[in-house]
Amino acid sequence: MNLKTLLVLIIFVIKTLIRIGDAIIFFFRLIYSNAKIAVEAIYRFFSFLSISFKIKFLKIGIKTADFKFGISQEIALQRLRRNRLKFRVRKNFKALKRTLFKPFKRKLKPQIAFQQKKEIRFLPKLKYFSYGLIFSLLFIFLPILFFIFLSQLPNPKQLTVREMPQTTKIFDRNDNLLYQIYANENRTIVSLSQIPKDLKNATIAIEDKDFYNNPGFDIAAIVRAAIADLKGQSLQGGSTITQQLIKSSLLSPEISIERKVKEIILAFWAERIYSKNEILQMYFNQVSYGGTSWGIEAASEVYFGKKVKELSLAESAFLAGLPKAPTIYSPYGKYPNLWKERQKEVLKRMQELGYISEDKREDAESEKISFKAQQTPIHAPHFVMYVKDLLVQKYGLIMVEKGGLTVKTSLDLKTQEQAQEIVKNEVLNNSAYGISNGAALVTNPTNGDVLAMVGSIDYYEPNGGNVNVTTSLRQPGSSIKIVTYAAALSHGFTAATILDDSPVTYSSYNTPYSPVNYDGRFHGKVPLRLAFANSFNIPAVKTLNAIGIPTMVNLGKQMGITTWTDPKDYGLSITLGAAEVKMTDMATVYGTVANSGKKVTTNPILKITDYKGKVIEEKGSDDGEKVLDPAIAYILSNILQDNRARSIEFGPNSALNIPNVSVKTGTSDNKRDNWTIGYTSQRLVAVWVGNNDNSPMNPNLASGITGAAPIWNQIMTKELANLPKQNQKIPENIIAKRCTGYIEYFIKGTESVSCYPISTPSATLLSTQ
């Protein structure tokens, strides 16, 4: 729409509103004028009746006088004429006649602004426009909009007659079924009388304490939620039990003001149709309790293997707390112990409202709850739950568990099973090193495909086996140095830049910081290539001090780290892995280097269709976001595949030595985390070993020799066996220069530096490698 058309449209709307306002003024003037005439006519009519009554009364009086005093009627009439009473009657009748027909003779013409010959001033036009606008809003547009809004609302009667939920299926890239997500199709509807009183009280206490008194919505809760929203917080709840039933059964899971308004209207409507007990019964039978548990009976069977009527107070409190966030509070989910805090919150609220005594609350809190083991067959469970969480965040729990989605993922089940077996076997075989758990991630750095995700050695292990380490926060140790040196190469450093590995203390912090190497030795002046390849600590800290912490932190975020915050929150130790990261983020960071400086975020979903076969989401080609100069990415990769350079610390025959593969290790303080991350342009493998309780591993664990490195070597070797060999392309702005018998690579324009002499510093293994 061009500007001219828009102006014409605006003028047309304004003229229309002015005409509407003029018509309204004319209409009310007409009503007002005729109302005055009508009042006058009524007054004259009754005046006429009054005169007529008087005449009749006088006539009666004449007859009486004639009878009593002997005066003739003719004489009496003569007297009436003399008094001109008859004239007054006639005159009054004529006035009445004129009054009654006056409205039909009088001509009233609307004073429409655009029909007058003389131009009307601005203020009258504004008056007509204002009247027209107000009238149109109140009596035309708002009623129409409200009618349209109401017509789009579902009927609350659908609460009792609805379609059955559809199963969501998750497949790997080769169409192997990994898992089915569905609402329990063997749902048993239970009446309110079958539900324990404690469970009803617990639900009302934690979800809607005024359930039996409110009209379906809670004004105070809505106001509190609105205030929280105005403060910039995310859209809050404030939902009653009736609203939750409506939201769960009739509305979409979107978080918006429009949906909230619909929810309130439908809740009020439902309260006019159903009784409170009917609503509570529908709530217990239709609300999600997580996973396949739709309805309280299914939830009782899934979590405890018993009928709902057999639940104890402690079990009832647990189930009452689930609907708020089933994924978070589920004992089978990512946070297997968080349900206890929610249960305590429910019991405390029950005590405050007088449903239970303090003794009963304490007994219930101390009662040990035994959950039924999950029996649903599942392949790659950590990966499946990771994908499910992503789907819930994007489409909502109802759509995921009832929408009948078909989800094709990037996982390769064969690769997954191989990686799982390797991780489990190596961890068990190296238990002498104090290792109890391991994790691995295999991706394609060119498109972000997740080919394998091993979150732990055994998903069903009772002591935290279902915790997914690949998405958990852990310290990366020296594996994070790739960000430090990427930033350094972006700020004038070269692979030949000499770094000083000598004692240093930084006193600008609250506590003086003196980085040390693991062996307590210093290696003197070494080139950046050797410092990075051998993971020397002091040169990395000095390099970070030179370029600045914000430079490294900001680049880390650009390369894919999502957990870092303000650079002011970190010190120089961040280059040694002091700031926690996720393995999935580290895969993106290293994938950026593997992909010639282009960041492609890990994405496990290839395609999603609904139960009708309509495509909802499909992964296309992603060229990535350029965050590094390809020349910098090439130099970093070249250093990390230089087995000769890293031989000072790792020896020539370590598990890191796979030709043409770039690899970096990392070990956090006290050897709580041990990493190995390596890549080619086609594959990236990240491996972690450690303990879920964050306890230190054996000091004898040697990074690059034991721990994560052997696992990485086996997985990467199997992956490369099935891939065609590809030579790494040298960027056009790279200059190769011979340095005392050694080929070094420079970004064009930085090659005019003195070549370092090849030396072999004598040192033992360093910390945080």
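Residues numbered from 1 in each chain as written. Predicted model: local features only at pLDDT ≥ 70, side-chain atom pairs only at ≥ 80, totals over all residues. Heavy atoms only, no water.

## Thoughts on the sheet that holds strand β10 (residues 615-618)
Within a sheet, each strand pairs with its neighbour through backbone hydrogen bonds, oriented either parallel or antiparallel. Pairing is mixed across the open sheet formed by 5 strands, whose spatial order is β2-β1-β3-β9-β10. With one partner strand each, in any of the chains shown, β2 (177-181) and β10 form the two edges of the open sheet. In this sheet, adjacent strand axes meet at a mean angle of 15 degrees when their direction is disregarded. Taken strand by strand, helix α15 (residues 381-395) contacts β1 (168-171), β2, β3 (406-409), β9 (605-609) and β10, and its axis lies near 45 degrees from that of β2. (Pairing = 2+ DSSP bridges. Helix = DSSP H or I, 4+ residues; strand = E, 2+ residues; numbered from the N terminus. Axes fitted to C-alpha atoms, helices over the stretch in contact; angles between N-to-C directions. Contact = heavy atoms within 4.5 Å.)

## What about the environment of arginine 349?
Here arginine 349 shows up in helix α13 (residues 339-352). Overall, the relative accessible area of 28% leaves arginine 349 in the partly exposed class. In this structure the C-alpha to C-alpha distance between arginine 349 and arginine 361, which are 12 residues apart in sequence, comes to 9.8 Å. Ignoring sequence-local partners within four residues, the contact set of arginine 349 consists of Ala205 and Ile206. (Buried < 20%, exposed > 50% of the residue type's maximum accessible area, 1.4 Å probe, protein only.)

## Some remarks on unusual backbone geometry
A positive phi angle, near 65 degrees, is found at aspartate 175, a position not held by glycine. Positionally, aspartate 175 belongs in the loop between β1 and β2.

## Some thoughts on the pairing of strand β12 (residues 662-667)
Most of β12 sits out of view: 6 of its 6 residues are buried. The alternating pattern of β12 places Ser662, Lys664 and Gly666 and Val663, Thr665 and Thr667 on opposite faces, both of which are buried. Relative to strand β13 (residues 673-679), β12 is paired through 6 bridges, and the arrangement is antiparallel. The partner of serine 662 across the bridge, within β13, is tyrosine 679.

## Concerning helix α17 (residues 413-429)
With 17 residues, α17 should cover 24 Å at 1.5 Å per step; its first-to-last C-alpha distance of 24 Å lies within 8% of that length. Buried within α17 are the following residues: Leu413, Thr415, Gln416, Ala419, Ile422, Val423, Glu426 and Val427. Tucked into the core, α17 has its buried residues touching β2, β4 (437-444), β5 (449-454), β14 (684-690) and α25 (708-721). (Expected span 1.5 Å × (residues − 1).)

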